[in-house]
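Observations on chain architecture
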Amino acid sequence: MIALSVSDVSLSFGMETVLKNISFSVNDGDRVGVIGVNGAGKTSLFKVITGDYSADFGAVYLQKGYTVGCLEQNPDLTALPGGTMCIEYMYSAFPHLLSMEKKISALENEIQILSENSMHEEAVKRTSELTELNRKFADGGGLEFRSRCKSMLLRLGFEEELLTQNISTLSGGQYTRLALARLLATEPDVLMLDEPTNHLDIDSLAWLESFIASYKKTVIIISHDRYFLDRTTNKTLHIQYAGARLYNGNYTETKELQEAEAASLEKRYKEQQKEIARIRANIEFQRRCNREHNFVTIRAKEKQLARMEKVELAPPPPKDIRIKFSSEEESAGDVIEVKDLSFSYGASPLISGISFLIRRYERVLFLGKNGCGKSTLMKLINSMLTPDKGKITLGYNIKIGYYDQENRGLSMNKTVFEELHDEYPDKKDGELRSALALFLFDADDIIKPISVLSGGERARLTLAKLMLKKVNLLIMDEPTNHLDIGSAEALENALLAFDGTIIAVSHDRYFINRIATRIIELDKDNERGLVDYALEDYDDAYTEYMRIRAAAKEKRLALEAQEKESRKESSAKQDYEQRKREAAERRAEEKRARDAKEKIEKLEAELTSLEEELFGEAATNYVRAAEIEERKMAIEEELLALYEIVM
């Protein structure tokens, strides 16, 4: 069944046509990836579907009764009431359940008051209403929506203490993750996600992938994360030159299909051009012959050409950036040595006692959970922060080029050209313009203020500045975050060709797969503060890392299970020894009781005999009577002690 249909949608902003005659349908259960270069109109299409934009032409049809939920690329939560906690914001996604909770509470109070005032008939009536309301509450998910909200936040990297934190104190990345968690918790019929992976760590990405894979409803995803698209989508909508085409298959399958189609089209085009050239040559030959029957042939051939359906080559793909990093003279063999490095923000330790050595030509990717200190470590290495403890030693002749994921090195009040010119005042204007052209900045773009540039444009400008710098060590923090797929691939190719050392932070697993020769994972739970993975297969680095990581985890779990079993066996042995001692003590106690009973019988019999003698034969024998009294006292004391044993 069709969940969503877009028919002949066109959208323009002024003289610029963003979308033109876009048509496609999405079925229930489809997972569609939306791809295209930055500025192709992907987000605009989302806004047309959600109703935020009105299309110039065409229409969007949604299955009756279906709900649509959309995650914006940069959600704005600042308009929320002050003091709103993260978990409260999650609950607010279920207003009908919160309303029912209030009604249930009010009914319970009313029933209690009626019962106390002996208004039993009215209380029974209200109890019936309460029962029905509780049933509706449970059927609508009222019993689990709170736990679902908490679980979503924890799965997307929120620590327990963040659940009750004020939303106004969150970072931009935390905003996005909170908005994503809230949207996923509502489970809309059509789930639309605009760049959902930008602020997720590796573990959160893996969880989101499994969530989408098991999601029974329709999902539409705008993303430049090729790895994510391959693992979550079964269809691909490619937007290019204001048009769009829907393909069956994920990103890689679509790319292979497009390449095969382009090759087939080129082959047919060349064959047709040969046929056209042959027909035209024949026409020319007939003209030279200049006879009546030749003119008949010429007209027939010209009609054949006119009727021929011309094969057109596929339009060339949009230009990608062109980039090449120039290395300075060769560095020392030991590029960076970090010993016992620690750093804290205030009283909160972020990095504790980590040590590692990076050698020349290595391409080291730093991974880890959000907030574990990856970006901070990059700034420490680049001397932008000072460590609390430990030492960072750079080798001889190290020239650093640094890429900041937030592009903070750009001056918002300058134009694109001024930014590059001020960075390299000795270079000629023509050389600077040529460099900017490589990064797709045309004559109009270079006079734009940086403040109006998109995230992708700022990323390209930062890369342009970095390309002109002679370096032998590149430090890059999330370099593909704002780049479209073509630009990311151009960057990867440039890094692979770079004759120097690379240190990078990235959650882009496609990027990791192609670039990394070594992966260091920051891990606070590890006694060293990190886990160092030496990779054997550089062509499939992320897969190799996950294999080693999974094997290490399996080994750790096996050791933990073994230790648990050992502790269990030890505990069982201790329990056995304890039971054995208790049984021995119990048997000894029982024996003492039996012996005491036998002794009591003898002593009581002796006491009876002495009393008979005392009032009989010894009644007038004072010496014997005194002996009997003394013996009686001894027996009675002994009996008291024996009675305590048998009681």
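Quick summary incoming for the structure in this document. Just so it is clear, the structure is predicted and the values come from calculations on it, not from any experiment.

What follows deals with the sheet that holds strand 15 (residues 473-477). Sheets are built from strands that pair by backbone hydrogen bonding, the pairs being arranged parallel or antiparallel. With respect to topology, six strands assemble into an open sheet ordered 14-15-16-12-17-18, the strand pairing being mixed. If you trace the sheet from one side to the other, it starts and ends with strand 14 (400-403) and strand 18 (530-534), each paired once. Shown here is a sheet whose adjacent strand axes are inclined to one another by a mean of 15°, direction ignored. In the packing of helix 11 (residues 374-381) onto the sheet, contacts are made with strand 12 (363-367), strand 14, strand 15, strand 16 (501-505) and strand 17 (518-522), and the angle to strand 12 comes to roughly 135°.

Relative to the elements of secondary structure, Thr-480 occurs in the loop between strand 15 and helix 15 (485-497). Residue class for Thr-480 comes out buried when judged on its relative accessible area of 7%. Aside from chain neighbours lying at most four places away, what touches Thr-480 is Ala-488, Leu-491, Ser-506, Asp-508 and Phe-511.

Those residues of helix 5 (residues 145-155) that sit buried are Phe-145, Cys-149, Met-152 and Leu-153. Each buried residue of helix 5 lies within a common arc of 95° when the element is viewed along its axis, so the set occupies one face. Positive phi appears at Gly-157, one or two residues downstream of helix 5, with a value of about 90°.

Turning our eyes to something else, we now look at the pattern of salt bridges. All told, the structure shown has 35 salt bridges when counted by the stated rule. A salt bridge links Glu-209 to Arg-231; the nearest nitrogen and oxygen atoms lie 2.8 Å apart. Taken together, the residues Glu-209 in helix 7 (residues 202-214) and Arg-231 in helix 8 (residues 226-232) connect sequence positions 22 residues apart. Between Asp-422 and Lys-414 there is a salt bridge whose closest N-O contact spans 3.0 Å. The class for Asp-422 is partly exposed, based on a relative accessible area of 42%. A single salt-bridge network, built from bridges that share partners, covers Arg-226, Lys-255, Glu-489, Glu-492, Asp-508 and Arg-514.

Conventions adopted
- Residues numbered from 1 in each chain as written.
- Predicted model: local features only at pLDDT ≥ 70, side-chain atom pairs only at ≥ 80, totals over all residues.
- Heavy atoms only, no water.
- Pairing = 2+ DSSP bridges.
- Helix = DSSP H or I, 4+ residues; strand = E, 2+ residues; numbered from the N terminus.
- Axes fitted to C-alpha atoms, helices over the stretch in contact; angles between N-to-C directions.
- Contact = heavy atoms within 4.5 Å.
- Buried < 20%, exposed > 50% of the residue type's maximum accessible area, 1.4 Å probe, protein only.
- Arc of directions from axis to C-beta.
- Salt bridge = Lys/Arg side-chain N within 4 Å of Asp/Glu carboxyl O.

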